Amino acid sequence: MTASKDGLEDPPLDPDVTEGPTPKLPFSPNLDEAYKLVPGVGEAWRWYDIPYRFLIRAARSRIGRKLPRKIREQLGFAAHFFSLFNDYQRAKTWNRSDPSHNLLVPPSEAVCVPSIWVAECFPPSESHYLAAATAKNDWDRPRRRYGIREANRSMLDQSRRGSGWIWFGLGTIANETSASIEPDAQRMPLPREFDKIDLVAFQASRSMTIVTATFHLSREGQFSVDRIWHAEHKPRFKWRRRAMPEVQSRLWHGLDQTQSSRRRLHDLAREWMASNCAGAFAHTQTSQPLLDLLLVEKLDPANRALTREHHDALRALGIIHSPYEVTSSQLPGLFLEATREDLVPALKGKNVRTLWGQRDQVRSGMGKVLYAYGGQWDELAAIAGFCDDSVRAYLASLAISDYLQMKHEQQASLRDSARKGQGKYRRKDLEKLRSTFLATSLDASSIARDLTENGESILDREAAIFVRRLAPDLVALEQKDGLPPTEPINVNEELKRQQVASAREIAAADADYRNILATVSALGSSIDAFKLQRYAVYVALVSLFVAVVTLVVTMLGQQTTNKLWDLVQSWWALL
């Protein structure tokens, strides 16, 4: 099997037609038509054919073959650059019904994004930032006005001491243009894609506070991805900095633009969170854990026998079917997918998960309960409200795993930079190293102790329980081959076991790195002290030299001849 220009594998050719003329490939029936309309590069006298022919002939000539290798590589690079204009011209004339070069979204299909959830972690070293954020933003001001509950600062202090609420709402922020009527909401300017934001704090353990923000999207934000999904995507000649330009067909341009539109919603939510409630992820410039809700109109998540057009349509949204189905009985009709950065690069899906499903199936699965969430007035908001409690608690659990992964990466960076900084530590470096040791050791020991303790936390009780099962088509293959069935896996329990193991590894590695790097920093400070002593000797010698020169100049300037004793006394006085 060979790779096509679209990055997919070509299907094997029929053995009966492997001999003779080159057969037409099943995935591109319009290949001959495209090359008839736009011949290959160098086969005509278009503006880019002339330099292309010159460069190719120069590289293949007798003199060109004797040129240095780097010069020949530059000739090939330049020839390839001009051939891209031929690819771009052909992409513009390609048949619009060919699924291998066009993003074909069914007109009856639609997608909406009702809500986005973002989480931020506050371990012991970051807890003061949460206190500062609650004081600065004053989210509970409307609530205090009505005398509903005590202030956020008091509730936060009690929770971290273990004698307060295990979870509580920090406040609601509504857009100035929002039509929602909530008496305890604080109104302020928000991006037009957001209608309101609900902030909830979870005391996940004794030392870890997790804040989740539920971004309820406005009508414009809910269907912003759908508008780009259905838009006309023309071929694009994409210039890239310090790299060869890229020619994108209508398909790849559509994939890129649709994924970018969804990423824009993610960026807006994360930027708001980083600006108003920055914690461990924001301060280390790591993407905060995010989960969004996608509802499609026709596509069935359980149907694996999709056409090429439907697979590409889902890929444009950032959804790639995995061999397993992750579902929860508490969220009927919805499937959980983790975003793969390698297959949807424009989405930049680090720490991104998607909860998606067919709108009719989700509505029928939730039933009349939606009326309790206002389903008779706004169905999308009701579905998002139904999912809110269990989803944000599950996202908080995922945030702990993402936080531990971030700590692993920090330890690796600290380990790799130790050799680079050996012998070069200064006072500023030592202060930074001391601060890093304090934060890392305090967080690692506290979290490892909390996670290894037995007992059920608020996240275990409130979070939706997800189960991972093998897809039905693969189950049928197992049965056909007589293999033992793959047992379902409780994702929540698996996540908890991984967190305990990861926390223990971080605590053990922290102890080792602390001893090693403390020795390195001590050696570095000793070297700095030795350098300082050497500089002091240099300064003393220079001072002595200046004094001697001053003495000699002064004595030469004297007009009278003094006795030896008087001369010595005058020298002593000058010194």
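Above this text you will find the structure in question.
Residues numbered from 1 in each chain as written. Predicted model: local features only at pLDDT ≥ 70, side-chain atom pairs only at ≥ 80, totals over all residues. Heavy atoms only, no water.

1. What about the overall build of the protein chain?
- Per the secondary structure count, the protein chain includes 18 helices and 14 strands.
- Across the 575 residues in the protein chain, those meeting the buried criterion constitute 45%.
- Summarising the internal contacts of the protein chain: among those between residues at least 6 apart in sequence, 70% fall at separations of at least 24.
- Of the roughly 31700 Å² that the protein chain leaves accessible, carbon and sulfur atoms contribute 56%. (Helix = DSSP H or I, 4+ residues; strand = E, 2+ residues; numbered from the N terminus. Buried < 20%, exposed > 50% of the residue type's maximum accessible area, 1.4 Å probe, protein only. Contact = heavy atoms within 4.5 Å. Areas by Shrake-Rupley, 256 points an atom, 1.4 Å probe, with all protein chains shown as cover.)

2. A word on the side chain of Glu478
- Relative to the helices and strands, Glu478 resides in helix H16 (residues 472-481).
- In this structure, Glu478 is buried with no salt-bridge partner, the nearest side chain bearing the opposite charge being Arg469 at 12 Å.
- Look past the residues within four positions of Glu478 in its chain and what remains in contact with it is Leu470, Leu483, Pro484, Pro485 and Thr486. (Lys, Arg positive; Asp, Glu negative; His and termini not counted. Salt bridge = Lys/Arg side-chain N within 4 Å of Asp/Glu carboxyl O.)

3. Looking at the packing of helix H9 (residues 250-276) against helix H11 (residues 308-317)
- Interaxial distance between H9 and H11 falls to 7 Å at its minimum, and their mutual angle equals 40°. For the pair H9 and H11, contact is made by Leu251, Trp252, Leu255, Thr258, Gln259 and Arg262 and by Arg308, Asp312, Arg315, Ala316 and Leu317, respectively.
- Of the residues that constitute the contact of H9 with H11, the class distribution is five nonpolar, two polar and four charged. (Axes fitted to C-alpha atoms, helices over the stretch in contact; angles between N-to-C directions. Nonpolar A, V, L, I, M, F, W, Y, C, P; charged D, E, K, R; others polar.)

4. Describing the packing of aromatic side chains
- Scanning the entire structure with this criterion turns up 14 aromatic pairs.
- Ring plane angle 65° and centroid distance 4.9 Å describe the contact between Trp47 and Phe85, whose orientation is recorded as edge-to-face. Of this pair, Trp47 sits in the loop between helix H1 (31-37) and helix H2 (49-60) while Phe85 sits in helix H3 (residues 69-93), and the two are 38 residues apart along the sequence.
- Accessibility expressed as a relative area gives 53% for Trp47, which makes it exposed.
- The exposure class assigned to Phe85 is buried, which follows from its relative accessible area of 16%.
- Judged by centre distance (4.9 Å) and plane angle (45°), the rings of Phe194 and Phe215 are tilted. Of this pair, Phe194 sits in strand E5 (residues 194-203) while Phe215 sits in strand E6 (residues 209-217), placing them 21 residues apart in sequence.
- Here Phe194 falls in the buried class, since its relative accessible area comes to 1%.
- By relative accessible area, which is 0% here, Phe215 ends up buried.
- Taken together through their ring pairs, the aromatic side chains of Trp47, Tyr48, Phe81, Phe82, Phe85, Tyr88, Phe237 and Trp239 make up a single cluster.
- Seen from the ring of Trp45, Arg53 lies directly overhead, with NZ or CZ sitting 4.0 Å from the centre. (Phe/Tyr/Trp six-rings, centres within 6.5 Å; stacked < 30°, edge-to-face > 60°. Lys NZ or Arg CZ within 6 Å of the ring centre and 35° of its normal.)

5. Some points on the nonpolar core
- Core analysis: the biggest nonpolar cluster contains 53 residues, and Ile210, Leu331, Leu334, Leu355, Cys387, Tyr403 and Phe466 have the highest contact counts within it.
- With sequence-adjacent residues up to four places away left out, Leu334 is seen in contact with Leu293, Leu295, Val326, Thr327, Leu355, Trp356, Gly357, Val362, Met366 and Cys387.
- Listed in part, the 49 residues of the second largest apolar core include Ala201, Leu255, Leu290 and Leu314. (Core = buried A, V, L, I, M, F, W, Y, C linked by side-chain atoms within 4.5 Å.)

6. Re unusual backbone geometry
- Positioned with a positive phi, Gln285 is a non-glycine residue whose angle comes to about 55°.
- Of the residues examined, Gln285 reaches a relative accessible area of 76% and is grouped as exposed.
- Unlike most non-glycine residues, Asn351 shows phi in positive territory, near 60°.
- Within the secondary structure, Asn351 sits in the loop between strand E11 (335-338) and strand E12 (352-358).

7. A closer look at helix H6 (residues 152-160)
- Where H6 is concerned, the buried positions are Asn152, Met155, Leu156 and Ser159. Each buried residue of H6 sits inside an arc of 100° when the element is viewed along its axis, so together they form one side.
- Positive phi shows up at Gly162, right after H6, with a value of about 85°. (Arc of directions from axis to C-beta.)

8. Structural notes on H9
- Relative to the 39 Å expected for 27 residues at 1.5 Å per residue, H9 spans 39 Å between its end C-alpha atoms, a close match to the ideal helical length.
- Here H9 lies mainly inside the structure; 19 of its 27 residues are buried. (Expected span 1.5 Å × (residues − 1).)

9. What to know about the environment of Gln203
- Relative to the elements of secondary structure, Gln203 occurs in strand E5.
- Within polar-contact distance, the side chain of Gln203 engages the backbone oxygen of Met208 at 3.4 Å. (Polar contact = N/O pair within 3.5 Å; in protein donor to acceptor, adjacent residues only side chain to side chain.)

10. Concerning the side chain of Ser328
- When you line up the elements, Ser328 lands in strand E10 (residues 324-328).
- Other than its neighbours up to four places away in sequence, Ser328 contacts Ala464, Ile465 and Phe466.

11. Brief notes about the packing of H2 against H3
- Interhelical geometry of H2 versus H3 gives an angle of 155° and a closest axis separation of 9 Å. Considering the angle they form, H2 stands roughly antiparallel to H3. The two elements H2 and H3 meet at a crossing, and its hand is left-handed. Facing Pro51, Tyr52, Leu55, Ile56 and Ala59 of H2, the residues of H3 in contact are Arg72, Leu75, Ala78, Ala79, Phe82 and Ser83. (Parallel < 35°, antiparallel > 145°, perpendicular 65-115°, else oblique. Left-handed = near helix turned anticlockwise from the far one by under 90°.)

12. Some details on the pattern of salt bridges
- Tallying each qualifying case throughout the model produces 23 salt bridges.
- Two residues, Arg353 and Asp402, come together in a salt bridge whose shortest N-O distance is 2.7 Å. Taken together, the residues span a long stretch of sequence, with Arg353 in strand E12 and Asp402 in helix H13 (residues 379-421) at a distance of 49 residues. Grouping residues by exposure puts Arg353 and Asp402 together as buried.
- Salt bridges sharing partners connect three or more residues here, namely Arg359, Asp360, Arg363 and Glu379.

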